[in-house]
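A structural walkthrough
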Amino acid sequence: AYMGTRAGTAPGAAVTIGATNAEAKIEAVSHSDALVTAEGGALSLGIAIAGFLGEGTINGSTLAYVGEGVILNAGELDISVDATDNADVDTIAVGLGTISGQGAKATASISSTTEAFTGARGGATPAADPTTTINLTAPLTNLNADGTLVIGALSNQTAFADAKGGGLALLEVAAMLPEATAGGVVRAYVGSGTDLNAVSLSITADEIGRASCRERV
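Residues numbered from 1 in each chain as written. Predicted model: local features only at pLDDT ≥ 70, side-chain atom pairs only at ≥ 80, totals over all residues. Heavy atoms only, no water.

**Observations concerning the overall build of the protein**
For clarity, the threshold we go by: Runs of E in the DSSP output that reach at least two residues are strands. Runs of H or I that reach at least four are helices, and both are numbered from the N terminus. A 1.4 Å probe rolled over the protein chains alone gives each residue an accessible area, and that area as a share of the maximum for its type sets the label: buried under 20%, exposed over 50%, partly exposed in between. Working rule for contacts: check all heavy atoms of both residues, and any pair within 4.5 Å makes them a contact. We get accessible surface area from the Shrake-Rupley algorithm with a probe of 1.4 Å; when it comes to residues, only the shown protein chains can shield them.
Along the protein, the regular secondary structure elements total zero helices and eight strands. Among the 217 residues that make up the protein, the fraction classed as buried is 42%. Pairs at least 24 apart in sequence give 85% of the contacts found in the protein among residues at least 6 apart. Roughly 10,600 Å² of accessible area belongs to the protein as shown, and the carbon and sulfur atoms make up 52% of that amount.

**Describing the side chain of S155**
Here is the rule we go by: Throughout this description, a polar contact denotes any pair of N or O atoms lying within 3.5 Å of each other; where both atoms belong to protein, one of them has to be capable of donating a hydrogen while the other can accept it, and for residues adjacent in sequence the pair is counted only when both atoms sit in side chains.
Here S155 is to be found in strand β6 (residues 148-190). Taking the relative accessible area as the measure of exposure, S155 reaches 0% and is therefore buried. Side chain to side chain, S155 and Q157 meet in a polar contact 3.3 Å long. Non-local contacts of S155, meaning those with residues more than four positions away in its chain, are made with A83, T114, V186, D206, E207 and I208.

**Observations regarding the side chain of Q157**
Relative to the helices and strands, Q157 is located in strand β6. Reaching out from Q157, the side chain makes a polar contact with the backbone oxygen of G183 at a distance of 2.7 Å. In this structure Q157 touches D85, I110, S112, A182, G183, E207, I208, G209 and R210, once residues within four positions along its chain are discounted.

**Quick word on the nonpolar core**
Quick reminder of the rule: The term nonpolar core refers to a set of buried residues drawn from Ala, Val, Leu, Ile, Met, Phe, Trp, Tyr and Cys, joined through side-chain atoms within 4.5 Å.
Membership of the largest hydrophobic core comes to 20 residues, with the highest contact counts inside it found for V66, L72, L77 and I79. Mapped onto this core, the elements with two or more residues apiece are β2 (15-58), β3 (61-66), β4 (70-118), β5 (132-136) and β6. Of the residues forming this core, the biggest block, seven residues, is contributed by β4. Those residues within four positions of V66 in sequence are excluded, and the remaining contacts are M3, I26, L77, I79, F117, T118, G119, T132 and I134. Grouped together as the second largest cluster of nonpolar side chains are 14 residues, V89, A104, A163 and A180 included.

**Examining the packing of aromatic side chains**
Put simply, the rule reads: The pairing test for Phe, Tyr and Trp rings, Trp by its six-membered ring, is centres within 6.5 Å, and the orientation test on the planes gives stacked under 30 degrees, edge-to-face over 60, and tilted for anything in between.
Counting across every chain of the model gives three aromatic pairs. When the centroid spacing of 4.7 Å and the interplanar angle of 5 degrees are considered together, the rings of Y65 and F117 count as stacked. Linking Y65 in strand β3 with F117 in strand β4, this pair joins segments that are 52 residues apart in sequence. Residue classification places F117 among the buried positions, given a relative accessible area of 0%. Where F117 meets Y189, the ring centres are 5.2 Å apart and the plane angle is 5 degrees; that geometry is what we call stacked. Linking F117 in strand β4 with Y189 in strand β6, this pair joins segments that are 72 residues apart in sequence. An aromatic cluster is present here, built from Y2, Y65, F117 and Y189 joined pairwise through their rings.

**Brief notes about the pattern of salt bridges**
For clarity, the cut-off: Basic side-chain nitrogens of Lys or Arg form a salt bridge, by our definition, when they fall within 4 Å of a carboxyl oxygen of Asp or Glu.
In total, this model carries four salt bridges according to the counting rule given. A salt bridge links R121 to E115; the shortest N-O distance between them is 2.9 Å. Look at R121 and you get partly exposed, because its relative accessible area is 29%. For the salt bridge of D162 with R214, the shortest nitrogen-to-oxygen distance reads 2.9 Å. With a gap of 52 residues between them, D162 in strand β6 and R214 in strand β8 (residues 200-216) connect regions that are remote in the sequence.

**A word on the confidence of the model for the protein**
Low-confidence regions, as indicated by low pLDDT, have predicted coordinates that should not be scrutinised in detail. Counted only if it meets this: The pLDDT value expresses, per residue, how confident the predictor is, ranging between 0 and 100.
The pLDDT averaged across the protein works out to 86; a share of 84% of its residues lies at or above 70. Within the protein, β3 carries the highest mean pLDDT (97), whereas β2 carries the lowest (81).

**Considering the environment of A128**
The topology assignment puts A128 in the loop between β4 and β5. Placed 59 residues apart in sequence, A128 and G69 show a C-alpha to C-alpha distance of 9.0 Å.

**Quick notes on the environment of A161**
Mapped onto the secondary structure, A161 falls in strand β6. Its relative accessible area of 0% is what places A161 among the buried residues. For the pair A161 and K105, spaced 56 residues apart in the sequence, the C-alpha separation amounts to 8.7 Å. Ignoring any residue separated from it by four or fewer positions in sequence, one finds A161 in contact with V89, A106, A108, P178, E179, A180, S212, C213 and R214.

Here you go:
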C-alpha cells in the first residue's frame, strides 16, 4: 500500500495531496501460509530405502509507504504494516523390511520483508532532495488529527518443522532432519529525500519470531 510513486520507479512531476483537516492513513496487512505434508514408506524382504523431503518457504514483501514525488498536507499521518507468516512442514517416513533405511527431512523457512517508511526505500538514492514533502498540522476543526506522524512495522512469524520416522525391521537406519528458520527484515523509518514538518514523530518496528523443530523416531 502506498501513496506517490511506487518504490523502485523513477518519480515524475510531484503530486500535491491536500487533506489538511483529516487523518491520512496507509496500511498494508498480509497473511501468508506455507503448509507442506510429505508421507510415504517402503516394504521389502530385501533392502528398502526411502527418503522423504518436505520444504516450505515464505519470502515475500509487505510494504506501506509514502513514496517519492508527493507533497502531502494533512492533519495527521499513520503508516502501518502488519505481516503474519506461518510455515509448517511435516514429513513422515515408515518402513518394513529385512533391512530398511528411512530418512525424513522437514525444512520450514521464513525470510520475508516488512517495511513502513517515507521517501526513498532503504538503500535507494532519492531522485531529488526533497522528493517527498509531508506537512502535518493539527486542525482546529478535527480533534482526532493531532499533527503527528506515526510509522509502525510489525512482523509475526512462526516456523515449525516436524520429521517422523519408524518401522519394523531386522536392521533399521533412521535419519530425521527437521530444520526451522524464522527471520527476514522488519523496518520502520523516515527515508532519504523526506522533508517532514510535524508536531511529533513516532517510529516502531517489532518482530515476533518463533522457530521450533520436532524429531520423532
